[in-house]
Structures are given as C-alpha cells and as structure tokens.
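A look at the structure
Spelled out from the first residue to the last, the chains are:
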Number of protein chains: 2
Amino acid sequence: MCEANAYLKKKDAEEYVELLAFVDKVEPTEDGGLILESIFGERKMLKAKIKELQLVDHKILLEEI
Amino acid sequence: MCEANAYLKKKDAEEYVELLAFVDKVEPTEDGGLILESIFGERKMLKAKIKELQLVDHKILLEEI
C-alpha cells in the first residue's frame, strides 16, 4: 500500500506532529482548507496548506493557515 | 516504491494528461506554482495547483492556473 502519513505544523509550533496515518486522499477545498481521508475512511478537515509531499518517505507535510 | 504519477489538466482542457511519472516530491512555491521531482531527479516547475491526491492509486491530479 502506498498511503502516506500526514504531519501538521501549527501556527505557533516549530515542529511537525502526526495528524493522520495511512492517508489515501487529500483534497484542497474552495475556502483554502484541506480534506484528508485515510485508507480506513477516517476523514479530517482543517485549515492548512500543503508544504511538501515526500512520497517515497510516505510523508505529507502540512502547515496550519 | 511509493511514488505517484502526476497528471495535469490544462486551462482549456477537459481531461488530465500525464505530466511526470515516478514523482517523489511535490513542493508548492511562494508564487503559487509547484515543483515536482521524480525519483530519477527529473524536475518540473509549473503554474498549477493540486486538485487531489489519490495515493493508493498513485495519482497526483493537478490543474493549471
């Protein structure tokens, strides 16, 4: 399986913290947010932007906006 | 390996066309563009936004802006 783990850096934080594991789908929304969905169907919606994808390392790096 | 293939839908197009295979890294730039890098080190820079990631299906869907 080629899912990835999503890590979020909050506005006031300096480090990324795991937000959701086994992410399959990521979809930016019209209002500047993101919807993440894991392979188990768990969904998270948040106000964040994609900072970087590192797919070989299974990482999705997000920053809170 | 868990790279993905990037597909681009141009402004005047209705369908996605493959842009770059074996993508490892994707990084949005300050000016609203994207930098893609494959596992072979091939890089592409373009004015596009991420429409959706479908990682289990190895797909990165991009739309030209």
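First, a word on scope: everything that follows refers to the structure included in this document. (Residues numbered from 1 in each chain as written. Chains lettered and ligands numbered in written order. Predicted model: local features only at pLDDT ≥ 70, side-chain atom pairs only at ≥ 80, totals over all residues. Heavy atoms only, no water.)

**Observations concerning the pattern of salt bridges**
Residues and elements named next belong to chain A. This is how the line gets drawn: Between Lys or Arg on one side and Asp or Glu on the other, a salt bridge is scored when a side-chain nitrogen of the former is within 4 Å of a carboxyl oxygen of the latter. Partly exposed describes any residue whose relative accessible area lies between the buried limit of under 20% and the exposed limit of over 50%, with all areas from a 1.4 Å probe on protein chains only and scaled to the type maximum.
As enumerated under the stated definition, the model contains six salt bridges over all chains in all. One salt bridge connects Glu37 with Arg43, and the closest N-O pair in it is separated by 3.2 Å. Judged by its relative accessible area of 24%, Glu37 is partly exposed. The class of Arg43 is exposed, set by a relative accessible area of 51%.

**Focus: unusual backbone geometry**
Residue and element names in this part refer to chain A. The test is simple: Numbering of helices and strands runs from the N terminus; a helix is a DSSP stretch of H or I covering at least four residues, while a strand is a stretch of E covering at least two.
One non-glycine residue, Phe22, adopts positive backbone phi at about 55 degrees. Examined against the element boundaries, Phe22 turns out to sit in strand S2 (residues 17–28). On the basis of relative accessibility, which here comes to 38%, the residue Phe22 falls in the partly exposed class. With a phi close to 60 degrees, His58 is a non-glycine residue in the positive phi region. With respect to the helices and strands, the residue His58 is situated in the loop between strand S5 (48–54) and strand S6 (59–64). Classification of His58 as partly exposed rests on a relative accessible area of 25%.

**Overview of the environment of Lys49 of chain B**
Residue and element names in this part refer to chain B. Note the following rule: Contacts were defined at the residue level, with two residues in contact if any of their heavy atoms lie within 4.5 Å.
Locating Lys49 in the fold gives a position in strand S5 (residues 48–54). Accessibility expressed as a relative area gives 42% for Lys49, which makes it partly exposed. For the pair Lys49 and Leu62, spaced 13 residues apart in the sequence, the C-alpha separation amounts to 5.6 Å. Ignoring anything within four residues of it in the chain, the contact list for Lys49 reads Leu34, Leu61, Leu62, Glu63 and Ile65.

**A short note on the pairing of strand S4 (residues 43–46) of chain B**
Residues and elements named next belong to chain B. Basically, it comes down to this: The rule for pairing is simple: two strands pair if DSSP sees at least two bridges between them.
Bridge count between strand S3 (residues 34–38) and S4: four bridges; the pairing is antiparallel. Counted as the bridge partner of Glu37 is Arg43 from S4. Taken together, S3 and the strand that follows it, S4, pair antiparallel across an intervening segment of four residues, in which Gly41 is found at a positive phi of about 90 degrees.

**A few points about the relation of the copies chain B and chain A**
Stated formally: Superposing copies: least-squares fit, C-alpha atoms only, residues required to have pLDDT of at least 70 in both.
Once chain B has been moved 0.0 Å along the axis and rotated by 180 degrees, it coincides with chain A to within an RMSD of 0.0 Å. Here the copies are linked by what is in effect a two-fold axis. Minimal C-alpha distance to the rotation axis in chain B is attained by Cys2 of chain B, lying at 2.6 Å. Most of the interface of chain B is mirrored in chain A, where 100% of its interface residues again form contacts.

**Section: the layout of surface pockets**
Test applied: Here a cavity means grid points, on a 1 Å grid over the protein atoms only, where a 1.4 Å probe fits yet cannot get out; a pocket means an open set of points with protein on both sides within 12 Å along at least five of seven lines; lining residues are those with an atom within 4 Å of a point. Grid points are joined across faces, edges and corners, and a volume is the space filled by probe spheres set on the points. Charged residues are taken to be Asp, Glu, Lys and Arg, nonpolar residues to be Ala, Val, Leu, Ile, Met, Phe, Trp, Tyr, Cys and Pro, and polar residues to be all remaining types, Gly included.
The calculated volume of the largest pocket comes to roughly 660 Å³. Lining the largest pocket are 25 residues, with Lys49 and Ile50 of chain A together with Pro28, Lys49 and Ile50 of chain B sitting closest to its centre. Put simply, the parts of the chain that give the lining of the largest pocket at least two residues each are S2 and S5 of chain A together with strand S2 (17–28) and S5 of chain B. Considered class by class, the residues forming the lining of the largest pocket number ten nonpolar, six polar and nine charged.

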